[in-house]
Amino acid sequence: MSYTYTYGGSAVTVPAGPDGTASAVLTPLTTDTQYLEVTSTFADGTVSETAYYSFYPRSAAPPLTCDANGGAQPGQVVHCTVTPVQPGLASYGYSVRTWSTTGPEVAVQPAADGTAAFEFTAPALQERELLSVTVWSANAAGQRSDTSYTSFYVTPDPATLPHAVRAS
């Protein structure tokens, strides 16, 4: 006897143990609804009807913390740390954006404990602007997890702005 399940597009057959049961480990990469289909194949070759199961996994987004909580000044170096959640973690990625620009996606390798640290410099701006940091993890196959994000305002020092945009 064996069981064949389909999860994430691929069919996998697992032999039944002496007690007629089998187990498999499923690794969701997103919090979207997950779908599992299973059939049994008996010793005589008969295949059962398909059983269906759906579930909602908890978030697979890696927790993100940055030291600019509350805000940053232009030119300030912001330090961020990412904590692993995804099984089979191979790398992290992040991007930084403002209302008007989106930075490139940057890859970061995890340390031996699975965490990663990165830093970036808050951009020079002429007015207060929201800065968003988005982070994800990826496994060796390149499958990305859900994303985590944080945001804060970058506020220029009024004394450094051109006279025409200074508040009176």
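What counts as what
Counting of residues starts from 1 at the beginning of each chain's written sequence and follows it residue by residue. Local features in this predicted model are restricted to residues whose pLDDT is 70 or higher, and side-chain atom pairs enter the listing and the counts only when it is 80 or higher, whereas totals over whole chains, interfaces and linings include all residues. To obtain the side-chain values, all non-hydrogen atoms of the structure were used and water was disregarded. A helix here means a DSSP run of H or I that spans at least four residues, while a strand means a run of E at least two residues long, and both kinds are numbered starting from the N terminus. Radius of gyration here is computed from C-alpha atoms only, and the compact-globule reference equals 2.2 Å multiplied by the residue count raised to the power 0.38. Between buried and exposed lies partly exposed: a residue is buried under 20% and exposed over 50% of the maximum accessible area for its type, with that area taken using a 1.4 Å probe on protein chains only. Note on definitions: a residue-residue contact is assigned when non-hydrogen atoms from the two residues lie within 4.5 Å. Strands are labelled as partners when DSSP assigns at least two bridges between them. Only the stretch in contact is used when a helix axis is fitted, and all axes are lines through C-alpha atoms; the angle between N-to-C directions ranges over 0 to 180 degrees.

Things to note about the overall build of the protein
Argument step 1. When helices and strands are tallied, the protein shows zero helices and 11 strands.
Argument step 2. The N-to-C order of helical and strand elements in the protein reads β-β-β-β-β-β-β-β-β-β-β.
Argument step 3. A compact globule built from 168 residues would reach a C-alpha radius of gyration of about 15 Å, whereas the protein, at 24 Å, exceeds it by more than 25%.
Argument step 4. Dimensions of the protein, computed from C-alpha atoms along their principal axes, come out at roughly 85 × 30 × 20 Å.

Some details on the side chain of Thr-39
Argument step 1. Checked against the element boundaries, Thr-39 lands in strand β3 (residues 34-41).
Argument step 2. Classification of Thr-39 as buried rests on a relative accessible area of 16%.
Argument step 3. Excluding residues within four positions of it along the chain, Thr-39 makes contact with Ser-2, Tyr-3, Thr-4, Val-47, Ser-48, Glu-49 and Thr-50.

What about the sheet that holds strand β6 (residues 77-82)?
Argument step 1. With antiparallel pairing, the three strands of this open sheet are ordered in space as β5-β6-β9. Because the sheet does not close on itself, it has two edges, and the strands there are β5 (64-66) and β9 (116-121). Across this sheet, the average inter-strand angle for adjacent strands is 20 degrees, counted without regard to direction.

Considering the sheet that holds strand β11 (residues 148-154)
The strands making up a sheet associate through backbone hydrogen bonding, with each pair oriented either parallel or antiparallel.
Argument step 1. Spatial strand order, β8-β7-β10-β11: four strands in an open sheet with antiparallel pairing. At either end of the open sheet lies a strand with only one pairing partner, and these are β8 (106-108) and β11. Averaged over all pairs of adjacent strands, the angle between their axes in this sheet comes to 25 degrees, without regard to strand direction.

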